[in-house]
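Working through the structure, step by step
Chain by chain, the residues:
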Amino acid sequence: MPEPKISVVLSVKSGMPYLVEAVDSILCQTFTQFELLLLDNASTDATRQYMESITDERVRCVYNEQDLGIDGSRNKAFALARAPYVAPMDSDDAALPHRLEVQYAFMESHPSILASGGAFTVYETGELKAFPVEPETAACMTMFNAPMAHPASIMRKHEAQSIGGYPPDFSPSLDYAIWARLLMSGLGGLANHKDVLLRYRTHPQMDRSAYHQRMAQKADKVRAELCHWFWGDEVTDETIRLHCMASDGRAASIEDLKAVVGYLCSLPAGNARRGRLSQPHLEAVVCSQWEAVCQMIPRTLFIKALPCMPVLFRGCSPSITTRLMKSTLRVARIRAENLWKMLR
């Protein structure tokens, strides 16, 4: 088999029965110059037996006798990958046939991009989830949340390994951690392709509340690192607390919202001093993040806050205030329409 141009890496622990479809979706790619590296992370179901039955020469199987953890297993896969590009894959998703073809062409034509992703549809509902295409917008989004979907991504192996790969103790927010560290490295940018590249399972029948709680905690660790990078010696514990509150809509009072708005409006001024991000793109992302906060907070708090918005925005620049008001009114219309649908 010739040297592959992409190493698709899939670490799995007890992944049956979904693993079969995930593997088939890679083996049926229109782009054929790849290897599929399967790592069995000490599975207790029929995963190993299925892997041993695969005869396609593009598949390499590795068996971890002990559970290395998701970070250890993924870093092992990175080390074993033979291609200059590494494309992660999850054991319960399905790649669209053109995924690797699109991603290889994109990375080859954008040498300054370290990692890129694409849109996906939710397996169970068909809902579309897209991410920012422009590198400048993706960089600004990374300040708050992951800028791409990990199982729809592709990375330059050398650069990802040069920053240490997946950092330990960040699971289940490993993807956000590596995107943030790639951004902070200054080695290049992050981006997304506009095409849908993946069907992503969410398993709505499962209780994943504990998982999401752990993810939020680890995401806050990533945001703390980003705050230190962005603010430098200006950072404080309160800065980090407000940044995390602005990232996931956990505001619980009018005072919280006032603090969140004040913090969001401070980001462009801080960036003007430190030059970390594109200023116009940061201002746009700040406004879209405020819109996300308005969508995430309880409806009763949002309604209570509406008359207070002019006071909340006091201290923001006139241009940002106008955009924040437009974002707020857009959410108000959406929430009113949703409420009307519920009442009909």
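Residues numbered from 1 in each chain as written. Predicted model: local features only at pLDDT ≥ 70, side-chain atom pairs only at ≥ 80, totals over all residues. Heavy atoms only, no water.

1. Some thoughts on the state of the cysteines
Applying the stated criterion to the full structure yields one disulfide. Put simply, Cys265 and Cys316 are joined by a disulfide, and their sulfur atoms are 2.1 Å apart. Handedness of the Cys265-Cys316 disulfide follows from its S-S torsion of about 85 degrees: it is right-handed. Of this pair, Cys265 sits in helix H10 (residues 254-274) while Cys316 is found in the loop between helix H13 (309-312) and helix H14 (318-343), placing the two residues 51 residues apart along the sequence. The exposure class assigned to Cys265 is buried, which follows from its relative accessible area of 16%. (Disulfide = S-S within 2.5 Å. Helix = DSSP H or I, 4+ residues; strand = E, 2+ residues; numbered from the N terminus. Buried < 20%, exposed > 50% of the residue type's maximum accessible area, 1.4 Å probe, protein only.)

2. Here's the deal with the pairing of strand S4 (residues 85-88)
On S4, burial covers both faces: Tyr85 and Ala87 on one face and Val86 and Pro88 on the other are all buried. By the bridge criterion, four bridges tie strand S1 (residues 6-12) to S4 in an arrangement that is parallel. Residue pairing across strands places Ile6 opposite Tyr85, the latter belonging to S4. Of the strand pairs in this sheet, S4 and strand S8 (residues 154-156) are connected by two bridges, and their pairing is antiparallel. Its bridge partner lying in S8, Val86 is registered against Met155. (Pairing = 2+ DSSP bridges.)

3. A look at the pattern of salt bridges
Scanning the model with the defined rule gives 20 salt bridges in all. Residue Glu52 is joined to Arg48 by a salt bridge in which the shortest nitrogen-to-oxygen separation is 3.2 Å. Residue Glu52 and its partner Arg48 are both found in helix H2 (residues 47-53); the two are separated by four residues, about one turn of the helix. Here Arg48 falls in the partly exposed class, since its relative accessible area comes to 32%. Shared partners join several salt bridges into a network, and the residues in it are Glu3, Glu35, Arg60 and Arg82. (Salt bridge = Lys/Arg side-chain N within 4 Å of Asp/Glu carboxyl O.)

4. Description of the packing of H10 against helix H11 (residues 279-296)
With their axes 9 Å apart at the nearest point, H10 and H11 run at an angle of 170 degrees to one another. Regarding the angle of H10 to H11, the classification is roughly antiparallel. Facing H10, whose interface residues are Leu257, Val260, Val261, Leu264, Leu267, Pro268, Ala269, Asn271 and Ala272, H11 presents Gln279, Leu282, Glu283, Val286, Gln289, Trp290 and Val293. Class assignment for the residues of the contact of H10 with H11 results in twelve nonpolar, three polar and one charged. (Axes fitted to C-alpha atoms, helices over the stretch in contact; angles between N-to-C directions. Parallel < 35°, antiparallel > 145°, perpendicular 65-115°, else oblique. Contact = heavy atoms within 4.5 Å. Nonpolar A, V, L, I, M, F, W, Y, C, P; charged D, E, K, R; others polar.)

5. Focus on the nonpolar core
Leu257, Leu267, Trp290 and Leu324 are the most contacted members of the largest nonpolar core, which totals 72 residues. Excluding anything up to four places from it in sequence, Leu267 contacts Phe144, Phe230, Trp231, Leu282 and Val286. Judged by nonpolar contacts, the second largest core, of 34 residues, contains Leu27, Phe31, Tyr85 and Val122. (Core = buried A, V, L, I, M, F, W, Y, C linked by side-chain atoms within 4.5 Å.)

6. Remarks on the environment of Pro4
Among the structural elements, Pro4 can be located in the segment before S1. A relative accessible area of 5% places Pro4 in the buried class. On a C-alpha basis, the gap between Pro4 and Pro84 in space is 8.4 Å, while along the polypeptide they are 80 residues apart. Residues within four places of Pro4 in sequence aside, it is in contact with Gln33, Phe34, Glu35, Arg82, Ala83 and Pro84.

7. Brief notes about the packing of aromatic side chains
Taken as a whole, this structure holds eight aromatic pairs when the rule is applied. Taken together, a centroid distance of 4.9 Å and an interplanar angle of 35 degrees make the contact between Phe120 and Tyr200 tilted. Note that Phe120 is positioned in strand S6 (residues 113-122) and Tyr200 in strand S9 (residues 189-200), a separation of 80 residues in sequence. Each member of the aromatic cluster is reached from another via a ring pair, and the members are Phe31, Tyr85 and Tyr104. Positioned over the ring face of Tyr166 is Arg74, at 5.6 Å from the centre of the ring. Lying across the ring of Tyr211, Arg208 places its NZ or CZ 4.6 Å from the centre. (Phe/Tyr/Trp six-rings, centres within 6.5 Å; stacked < 30°, edge-to-face > 60°. Lys NZ or Arg CZ within 6 Å of the ring centre and 35° of its normal.)

8. Details of helix H8 (residues 209-231)
The first and last C-alpha atoms of H8 sit 32 Å apart over 23 residues, in line with the 33 Å expected at 1.5 Å per residue. Looking only at H8, the buried set comprises Lys218, Ala219, Asp220, Val222, Arg223, Ala224, Leu226, Cys227, Trp229, Phe230 and Trp231. Positive phi shows up at Gly232, right after H8, with a value of about 60 degrees. (Expected span 1.5 Å × (residues − 1).)

9. Some points on the environment of Ala149
Relative to the elements of secondary structure, Ala149 occurs in the loop between helix H5 (135-142) and S8. With relative accessibility at 7%, the residue Ala149 sits in the buried group. Along the chain, Ala149 and Phe120 lie 29 residues apart, while their C-alpha atoms are 8.0 Å from each other. The contact partners of Ala149, leaving out residues within four places of it in the chain, are Phe120 and Phe131.

10. Quick look at unusual backbone geometry
Note that the residue after Met16, namely Pro17, is joined by a cis bond; omega there is 5 degrees. As for its position among the elements, Pro17 is in the loop between S1 and helix H1 (18-27). Backbone geometry places Ser14, a non-glycine residue, at a positive phi of 50 degrees. Topologically, Ser14 is positioned in the loop between S1 and H1. One non-glycine residue, His203, lies in the positive phi region at around 50 degrees. Residue position: His203 is located in the loop between S9 and H8. You can call His203 buried: its relative accessible area is 7%.

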